[in-house]
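Structure assessment
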Amino acid sequence: DTAVSQTPKYLVTQMGNDKSIKCEQNLGHDTMYWYKQDSKKFLKIMFSYNNKELIINETVPNRFSPKSPDKAHLNLHINSLELGDSAVYFCASSPGGGRVGYTFGSGTRLTVV
Amino acid sequence: QQQVKQSPQSLIVQKGGISIINCAYENTAFDYFPWYQQFPGKGPALLIAIRPDVSEKKEGRFTISFNKSAKQFSLHIMDSQPGDSATYFCAATAGGTSYGKLTFGQGTILTVHP
């Protein structure tokens, strides 16, 4: 029973396209996040949502638009994809923005060609 | 600005040896310091964490040592096993408006030879 699930696991697309990544958690957590892991494996937060409300927007280009229809789901839509967007995107969740119980999904590897 | 600096970048250890990974932070508002383990194709998974009011925390073969005055903390893996081969990340987070934001170190690729 997967706690934080992301789809798709792999995404290959051409420059200029628009794509979405979906995330769902069944842990009952209030806070969800998107992290980006670059080719050097460096992990950096992009967004966090608490109960569907945007809390953190870490100076991400506005081509990236997160959407949280409910507290169990956080999707990431990316417009006009660029080569530099190629990375692994991780969804995560935690209870009430707390540090304990932080859980990551298994990632979506996005390749822009 | 890299707020959490991690070293070494890679580490090779023989089975049964001790693996040591070091991290240093700058932001004195950080008050929770977790370590994550990541296997290829998987997301980071919490290994062990410490708060700055203690100097050491041990869970099985994994120990965190914390030096608040030096703003440094380290992960020790005793009796390292081939199954420990993974990428390890230190992280830090502050309370309040940071709302669970994890600031990661650059990661250490650990290889344990049989």
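Everything quoted here is computed from the prediction, not taken from an experiment.

So, the nonpolar core
- Counting residues in each nonpolar core, the largest one holds 25 residues, and the members touching the most others are Phe33(B), Trp35(B), Phe73(B), Leu75(B) and Tyr88(B).
- Breaking this core down by element, the ones donating at least two residues are strand S2 (10-14), strand S3 (19-25), strand S4 (30-38), strand S5 (45-50), strand S7 (62-67), strand S8 (72-77), strand S9 (86-94) and strand S11 (108-113) of chain B.
- Take this core: its biggest share by element is five residues, from S9(B).
- By size, the runner-up hydrophobic cluster in this structure holds 20 residues, among which are Val4(A), Trp34(A), Phe47(A) and Tyr49(A).

Brief notes about the sheet that holds strand S1 (residues 4-7) of chain B
Residues and elements named next belong to chain B.
- Strand order in the open sheet formed by five strands is S1-S3-S8-S7-S6, with antiparallel pairing between adjacent strands. Taken across any chain shown, the strands that pair with only one partner, and hence form the sheet edges, are S1 and strand S6 (56-59). Pairs of neighbouring strands in the sheet enclose a mean axial angle of 15 degrees, with direction left out of account.
- With six bridges connecting them, S7 and S8 associate as antiparallel partners. Following the sheet pairing, asparagine 67 is matched in S8 by glutamine 72.

Some remarks on the interface of chain A and chain B
- Counting residues at the interface gives 24 residues for chain A and 23 residues for chain B.
- Of the roughly 1900 Å² buried between chain A and chain B on both sides combined, carbon and sulfur atoms contribute 59%.
- The tally of links from chain A across to chain B stands at one salt bridge.
- Note that Lys101(B) and Glu58(A) form a salt bridge whose closest N and O atoms lie 2.6 Å from each other.
- For the pair chain A and chain B, the number of links is six residue pairs in polar contact (both at pLDDT 80 or more).
- Those elements that provide at least two residues to the side of chain A that touches chain B are strand S4 (31-37), strand S5 (43-50) and strand S6 (53-57) of chain A.
- Split by residue class, the side of chain A that touches chain B holds 11 nonpolar, eight polar and five charged.

Digging into the pattern of salt bridges
All names here are of chain A.
- In the structure shown here, the tally under the stated rule is six salt bridges over all chains.
- Aspartate 30 is the salt-bridge partner of lysine 71, the closest N and O atoms lying 2.9 Å from each other. Here aspartate 30 lies in the loop between strand S3 (19-25) and S4 and lysine 71 lies in the loop between strand S7 (64-70) and strand S8 (73-78), a separation of 41 residues in the sequence.
- Residue lysine 71 is classed as partly exposed on the basis of its relative accessible area, which comes to 34%.
- With a relative accessible area of 25%, aspartate 30 lands in the partly exposed category.
- Arginine 63 serves as the salt-bridge partner of aspartate 85, at 2.8 Å between the closest nitrogen and oxygen. Of this pair, aspartate 85 sits in the loop between S8 and strand S9 (87-94) while arginine 63 is found in the loop between S6 and S7, placing the two residues 22 residues apart along the sequence.

Calculation criteria
- Throughout, a residue's number is its position along its own chain's written sequence, starting from 1.
- Chains carry letters from A onward and ligands carry numbers from 1 onward, assigned in written order.
- Whole-chain, interface and lining totals are the exception, using all residues; otherwise, since this is a predicted model, local features are given only for residues with pLDDT of at least 70 and side-chain atom pairs are given and counted only at 80 or more.
- With hydrogens and water stripped out, all remaining heavy atoms of the structure feed into the side-chain values.
- Among buried residues, the Ala, Val, Leu, Ile, Met, Phe, Trp, Tyr and Cys ones that are joined through side-chain atoms within 4.5 Å form a nonpolar core.
- Here the term buried applies to any residue with accessible area under 20% of the maximum for its type, exposed to any over 50%, and partly exposed to those in between, with areas from a 1.4 Å probe on protein chains only.
- Numbering of helices and strands starts at the N terminus; helices are DSSP runs of H or I of at least 4 residues and strands are runs of E of at least 2.
- Criterion used throughout: strands pair if DSSP finds at least two bridges between them.
- Every axis corresponds to a line fitted to the C-alpha atoms, with the helix fit spanning only the stretch in contact, and the corresponding angles, defined between N-to-C directions, vary from 0 to 180 degrees.
- Contact criterion: two residues are considered in contact whenever any of their non-hydrogen atoms come within 4.5 Å of each other.
- In short, buried area is how much 1.4 Å probe accessible area vanishes from two parts on joining, totalled over both.
- Criterion for a salt bridge: a side-chain nitrogen of Lys or Arg within 4 Å of a carboxyl oxygen of Asp or Glu.
- Any pair of N or O atoms that falls within 3.5 Å is considered a polar contact. Within protein, one atom must be able to donate a hydrogen and the other to accept it, and sequence-neighbouring residues count only if both atoms are side-chain atoms.
- Residues are grouped as follows: nonpolar covers Ala, Val, Leu, Ile, Met, Phe, Trp, Tyr, Cys and Pro; charged covers Asp, Glu, Lys and Arg; every other residue, Gly included, is treated as polar.

Keep in mind these numbers describe shape, not what the thing actually does.
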